[in-house]
Amino acid sequence: GAVVSQHPSRVICKSGTSVKIECRSLDFQATTMFWYRQFPKQSLMLMATSNEGSKATYEQGVEKDKFLINHASLTLSTLTVTSAHPEDSSFYICSAVRDRGTNTQYFGPGTRLTVL
Amino acid sequence: AQSVTQPDIHITVSEGASLELRCNYSYGATPYLFWYVQSPGQGLQLLLKYFSGDTLVQGIKGFEAEFKRSQSSFNLRKPSVHWSDAAEYFCAVGALTGGGNKLTFGTGTQLKVEL
């Protein structure tokens, strides 16, 4: 168990458009999900914490109006990159907490976003 | 604030040789510790975790890690490396209480396996 999926796996869009990325926990319910961004050959940078039924908590320096997060159900969180620009091109990874008592996060396969 | 240091950016080992990846953490309270592996273009897969009990933790794919509180370390080991182990390895620390379930990741160690 503990499978997390992301859709799409890869997306290319034009500058100025918005892109939505879905993160689903397939075999468990997750009240908390996280969104990370990873630049080439670097570690993961936490962008925000997504809590079901409440507003997301953003890390310092992350624009909440640009990266919209919605955690509408216990198995789905979405990240929308609004008015995307080339500098938003990156690898976006989500994770979901299954074992809340031990903070164990299970990660999705990631979404490669390229903004032209 | 918690932090994780992975001193080795790159490590190359021969197939069949033993492996140890270093991880040092800094955290004021009792930490949760994790090792994840990432293949190119993929998400992270949990190898093992420590949160209490036996300080030697067994994980998947033949990996193990030992928590040493006195050294603030959680090094990952494997007795015999396979070519398929070539990947990026991340150590992470999480809070036992509070912290909102957040994890802090190290910068990663890129493992190359020579045949």
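As a starting point, this report considers the structure included with it. (Residues numbered from 1 in each chain as written. Chains lettered and ligands numbered in written order. Predicted model: local features only at pLDDT ≥ 70, side-chain atom pairs only at ≥ 80, totals over all residues. Heavy atoms only, no water.)

1. Here we look at the overall build of chain B
We apply this condition: Under the DSSP-based scheme used, a helix requires at least four consecutive residues in state H or I and a strand at least two consecutive residues in state E, with every element numbered from the N terminus. Here the globule rule is a power law, 2.2 Å times the number of residues to the power 0.38, and the radius of gyration is based on C-alpha atoms. When accessible area is computed with a 1.4 Å probe and restricted to protein chains, residues below 20% of their type maximum are described as buried, those above 50% as exposed, and intermediate ones as partly exposed. Positive charges are assigned to Lys and Arg, negative charges to Asp and Glu, while His and the chain termini are left out of the count. A charged residue contributes its charge at one atom only: NZ of Lys, CZ of Arg, CG of Asp or CD of Glu.
Of regular secondary structure, chain B possesses zero helices and twelve strands. Along chain B, helices (α) and strands (β) appear in the sequence β-β-β-β-β-β-β-β-β-β-β-β when read from the amino end. Relative to the 2.2 N^0.38 estimate, which gives 13 Å for 115 residues, the radius of gyration of chain B is 14 Å and therefore close to what a compact globule would have. In terms of overall dimensions, chain B has a C-alpha envelope of 45 × 30 × 20 Å along the principal axes. The burial tally for chain B puts 45% of its 115 residues in the buried class. Between the averaged position of the 9 positive side-chain charges in chain B and that of its 9 negative side-chain charges there is a distance of 7 Å.

2. Quick notes on the side chain of Asp-85 of chain B
Residues and elements named next belong to chain B. Test applied: Contacts between residues were defined by any pair of non-hydrogen atoms, one from each residue, lying within 4.5 Å.
Along the chain, Asp-85 turns up in the loop between β9 (73-78) and β10 (87-95). A relative accessible area of 4% means that Asp-85 is categorised as buried. Non-local contacts of Asp-85, meaning those with residues more than four positions away in its chain, are made with Phe-63, Lys-78, Leu-111 and Val-113.

3. Some remarks on the packing of aromatic side chains
Inclusion rule: For Phe, Tyr and Trp, where Trp contributes only its six-membered ring, two rings pair if their centres lie within 6.5 Å, and the inter-plane angle classes them as stacked under 30 degrees, edge-to-face over 60, or tilted in between.
This model, assessed by the stated rule, comprises 15 aromatic pairs over all chains. Centre to centre, the rings of Phe-34 of chain A and Tyr-36 of chain A are 6.4 Å apart; their planes meet at 40°, and the pair counts as tilted. With a relative accessible area of 0%, Tyr-36 of chain A lands in the buried category. An angle of 25° between the planes, with centres 4.5 Å apart, marks the rings of Tyr-50 of chain B and Phe-67 of chain B as stacked. Highlighted residues: Tyr-50 of chain B in strand β6 (residues 44-50) and Phe-67 of chain B in strand β8 (residues 64-68), separated in sequence by 17 residues. By the burial criterion, Tyr-50 of chain B is buried, and Phe-67 of chain B matches it. In this structure an aromatic cluster arises from ring pairing among Phe-34, Tyr-36 and Phe-107 of chain A together with Phe-34, Tyr-36, Phe-90 and Phe-105 of chain B.

4. Brief notes about the environment of Thr-49 of chain A
With respect to the helices and strands, Thr-49 of chain A occurs in strand β5 (residues 44-51). Residues Thr-49 of chain A and Ser-95 of chain A, 46 residues apart in the sequence, show an inter-C-alpha distance of 9.7 Å. Sequence-distant contacts of Thr-49 of chain A, that is, excluding residues within four places in its chain, are made with Thr-32, Met-33, Phe-34, Ala-56 and Thr-57 of chain A together with Lys-102 of chain B.

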